Amino acid sequence: MALLSNFGGVAVFASMMITLLVHLPYQVISTSRTASTVEGFLGGLCASSVHIHGYKCQEFQVSTDDGYILSVQRIPPHRSSSVVGSDGPKTSRPSPPVLLQHGLLVDGMTWLLNSPGQSLAFILADSGFDVWISNIRGTRFSRRHVTLNANINPEFWDWTWDDLIMNDLPAVINFIFKQTGQKLHYVGHSLGTLMALASFSSGNEKQVVDKVKSAALLSPIAYLSHMTTAFGVVAARSFVGEITTMFGLAEFNPKGEPVAIFIKAICAQPGVDCYDLLTELTGKNCCLNSTVVDLFLNTEPQPTSTKNLVHLAQTVRDGRLAKYDYGNANFNLEHYGNVKPPAYDLTRIPRDLPIFLSYGGRDALSDVKDMEALLDDLKNHDIDKLHVQYIKDYAHVDFIMGLTANDLVYNQIIKFFNNQQ
Ligand SMILES: *[C@@H]1O[C@H](CO)[C@@H](O)[C@H](O)[C@H]1NC(C)=O
């Protein structure tokens with residue numbers, strides 16, 4: 001890409017980031033005000049997005065080992081037990097639990113935006129599954145911590161996806177296991193696939209993988225070095241590690257003014273077309289409902305930590321899947337006992353773990369070449385435990401909001417899960 005070879009202007013972005021970070025305290029205050037008014041569903045996702053469709057829904061709070069309090073929703077099977085019913089009257093086999101793990105800069109609402117007949121969470125509940133929805137730290141219903149205040153303490157934002165793997169995922173999975181007494185099926189989208197793959201490869205860290213019966217991974221991202229979005233590539237160049245060491249930790253709120261400034265500056269770069277930012281970022285989605293896209297853009301963009309984006313940017317630049325790089329040999333030595341951050345070795349994912357992968361030909365984030373690198377890591381996987389689906393016309397968002405996703409993808413996932421019983 002010509003754009004990148006003549007892109008010497010990291011300084012431009014450094015200065016944008018300074019603007020961004022200098023403005024943060026102001027912006028953080030305004031965020032908390034919006035949170036209590038516009039998004040004031042104190043009941044959480046159940047109240048805002050589930051009960052309105054006539055489904056049951058329960059709210060839970062789950063604490064992580066490092067003190068974050070996550071909101072988790074449960075939608076029990078929706079239809080009466082006769083649904084499964086070719087084997088006569090009610091068998092009391094418990095409904096299999098499924099955990100839905102959303103991606104970056106969104107929360108659990110992404111599974112609930114379309115009509116019940118088109119949204120994966122409702123479709124699973126209709127098909128007899130016990131559906132659990134997680135919301136990672138920092139998103140609107142998971143902005144709490146036992147000692148830290150997200151709006152006041154920058155330490156609240158001192159985390160990357162390493163910490164989601166180490167803490168959020170084990171907390172939620174262990175909680176569901178305790179509640180249901182069963183292993184669960186996992187569905188991840190985007191960052192939710194990276195969390196799963198990295199976690200499953202890390203030995204049995206905090207007893208996660210042995211509580212997972214199977215995993216369906218949509219728009220997998222593990223390797224990101226072939227990402228085709230010019231916006232993403234430029235953004236990745238600008239999120240240099242020094243940002244956090246120089247300016248401290250901060251919230252990255254996509255709805256805040258500083259981020260708007262940051263986005264505008266990236267959009268001004270040659271080769272970056274922001275006329276349709278969703279397409280620029282995720283690829284040419286074939287099958288979205290424009291009404292729902294508007295709803296998505298109004299409600300969904302959720303905060304993450306700046307440090308998390310720095311870590312993702314490292315993954316894009318380095319073509320290596322590893323823990324957060326402190327950008328300084330001494331800091332790395334202090335944290336990891338090594339000058340380089342340790343790698344996540346995806347070849348160590350248990351070979352007999354049933355995995356369903358679905359990826360799209362137009363996905364700007366989960367590029368086909370990066371997907372091939374992932375498949376190469378899985379080349380020794382038990383052949384009958386790995387199902388790979390390729391959908392030529394799909395881009396990143398089609399997998400969660402596509403009007404054809406039920407027919408093309410969700411039916412396959414349900415069949416796949418039912419085969420693992
Ligand atoms: C698009 O979304 C709107 C709002 O939810 C809905 O009324 C409409 O039926 C949807 N269109 C299709 C084709 O599903």
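Counting restarts for each chain, with residues numbered from 1 along the sequence as it is written. Reporting in this predicted model follows two pLDDT cut-offs: at least 70 for local features of residues, and 80 or more for side-chain atom pairs to be given and counted; totals over whole chains, interfaces and linings ignore these cut-offs and use all residues. Where side-chain values are given, they derive from all heavy atoms of the structure, hydrogens and water being excluded.

On to the side chain of glutamate 251, then. For helices the rule is a DSSP run of H or I covering at least 4 residues; for strands it is a run of E covering at least 2, with both sets numbered from the N terminus onward. Mapped onto the fold, glutamate 251 is located in strand E8 (residues 251-252). For each residue, the accessible area found with a 1.4 Å probe, counting protein chains only, is set against the maximum for its type, and the residue is called buried under 20%, exposed over 50%, and partly exposed in between. Take glutamate 251: its relative accessible area is 3%, and that puts it in the buried class. Two N or O atoms count as a polar contact when they lie within 3.5 Å, although within protein this holds only if one can serve as hydrogen donor and the other as acceptor, and sequence-adjacent residues are included solely when both atoms are side-chain atoms. Among the polar contacts made by the side chain of glutamate 251, one reaches the side chain of arginine 143 at a distance of 3.0 Å.

With that settled, the discussion passes to the nonpolar core. Buried Ala, Val, Leu, Ile, Met, Phe, Trp, Tyr and Cys residues that are joined via side-chain atoms within 4.5 Å together make up what is termed a nonpolar core. Membership of the largest hydrophobic core comes to 68 residues, with the highest contact counts inside it found for Leu99, Trp161, Tyr186, Phe200 and Leu374. It is helix H6 (residues 161-180) that provides the largest number of residues to this core, a total of nine residues. Only heavy atoms matter for contacts: two residues are in contact if any of them lie within 4.5 Å across the pair. If near-sequence neighbours (up to four positions away) are discounted, tyrosine 186 is found in contact with Leu99, Gln101, Leu169, Gly192, Met195, Ala196, Val212, Ser214, Ala215, Ala216, Leu217 and Phe417.

Each reported salt bridge corresponds to a side-chain nitrogen of Lys or Arg within 4 Å of a carboxyl oxygen of Asp or Glu. For the coordinates displayed, the defined rule picks out 10 salt bridges. Note that arginine 137 and aspartate 66 form a salt bridge whose closest N and O atoms lie 3.0 Å from each other. In this pair, arginine 137 sits in the loop between strand E4 (130-134) and strand E5 (144-145) while aspartate 66 sits in the loop between strand E1 (58-63) and strand E2 (68-75), placing the two residues 71 residues apart along the sequence. In this structure aspartate 66 comes out as partly exposed when scored by relative accessible area, which is 27%. A salt bridge links glutamate 251 to arginine 143; its shortest N-O distance comes to 3.0 Å.

Axis definition: a line fit to C-alpha positions, over the contact stretch in the case of helices; interaxial angles, taken between N-to-C directions, run 0 to 180 degrees. Axis separation between H6 and helix H7 (residues 191-201) bottoms out at 10 Å; the angle between their running directions is 70°. On the basis of the axis angle, H6 is roughly perpendicular to H7. Along the contact surface, H6 presents Trp161, Leu164, Ile165 and Leu169, while H7 presents Leu191, Leu194, Met195, Ala196, Ala198 and Ser199. Residue type decides the class: Asp, Glu, Lys and Arg count as charged, Ala, Val, Leu, Ile, Met, Phe, Trp, Tyr, Cys and Pro as nonpolar, and the leftover types, Gly among them, as polar. Among the residues forming the contact of H6 with H7, the class breakdown is nine nonpolar, one polar and no charged. Angle categories are assigned with fixed cut-offs, so that under 35 degrees is roughly parallel, over 145 is roughly antiparallel, 65 to 115 is roughly perpendicular, and the rest are oblique.

Turning next to the site of the ligand. What surrounds the ligand is the set Gln118, Asn289, Thr291, Val292 and Leu403. The separation between an oxygen atom of the ligand and a polar side-chain atom of glutamine 118 is 3.0 Å. For the ligand, an oxygen atom lies 2.3 Å from a polar atom in the side chain of asparagine 289. Its free accessible area being 360 Å², the ligand has 37% of it covered by the protein chains. Here the residues of the shell around the ligand sort into two nonpolar, three polar and no charged. Being near a molecule or strand, for a residue, means having at least one of its heavy atoms within 4 Å of it. Working definition of accessibility: Shrake-Rupley area with a 1.4 Å probe, residue cover restricted to the visible protein chains.

Bringing the UniProt feature "active site" (unreviewed entry) in the protein chain into the picture now. UniProt positions are given in the numbering used here, feature names are shortened, and annotations may be inferred rather than shown by experiment. As annotated by UniProt and renumbered to match this structure, "active site" (unreviewed entry) occupies Ser190, Asp363 and His396. Spatial clustering of the annotated residues is evident: they stretch over 207 residues in sequence, but the largest pairwise C-alpha distance comes to 10.7 Å. Counting through the fold element by element, aspartate 363 comes out in the loop between strand E10 (355-360) and helix H15 (368-377). Apart from residues lying up to four places away in sequence, aspartate 363 is in contact with Ser219, Thr228, Thr282, Tyr394, Ala395 and His396. Here leucine 365 takes part through its backbone nitrogen, which lies 2.9 Å from a polar atom of the side chain of aspartate 363.

Within the element layout of this structure, glutamine 314 appears in helix H13 (residues 306-318). Assessed through its relative accessible area of 7%, glutamine 314 is described here as buried.

Turning next to the packing of aromatic side chains. Pairing of aromatic rings covers Phe, Tyr and the six-membered ring of Trp, with a centre-to-centre limit of 6.5 Å; geometry is then stacked below 30 degrees between planes, edge-to-face above 60, and tilted otherwise. By the definition in use, this model includes 15 aromatic pairs. Only when the NZ atom of a Lys or the CZ atom of an Arg is both within 6 Å of the ring centre and within 35 degrees of the ring normal do we say a charge sits over the ring. The residue whose ring lies beneath arginine 137 is tyrosine 68, and the NZ or CZ to ring-centre distance is 3.8 Å.

The criterion for a disulfide is a pair of cysteine sulfur atoms lying within 2.5 Å. By the definition in use, this model includes two disulfides. Residue pairing for cysteine 46: its cysteine sulfur links by disulfide to cysteine 57, the two sulfurs lying 2.0 Å apart. Of note, the bridge from cysteine 46 to cysteine 57 carries an S-S torsion of about -70° and is left-handed in sense. Of this pair, cysteine 46 sits in helix H4 (residues 45-50) while cysteine 57 sits in the loop between H4 and E1, placing them 11 residues apart in sequence.

Right, let's get into the pairing of strand E6 (residues 184-189). Of all the six residues making up E6, six are buried; the element is thus mostly covered by neighbouring parts of the structure. Because side chains alternate across E6, one face comprises the buried residues Leu184, Tyr186 and Gly188, and the other comprises His185, Val187 and His189, equally buried. As defined by bridge partners, strand E3 (residues 97-101) adjoins E6 across four bridges and the pair is classed as parallel. For leucine 100, the partnering residue across the bridge sits in E6 and is valine 187. Two strands qualify as a pair provided DSSP detects at least 2 bridges between them. Sheet topology places E6 next to strand E7 (residues 212-218); six bridges connect them, and they run parallel. Across the sheet, glycine 188 pairs through a bridge with leucine 217, a residue of E7.

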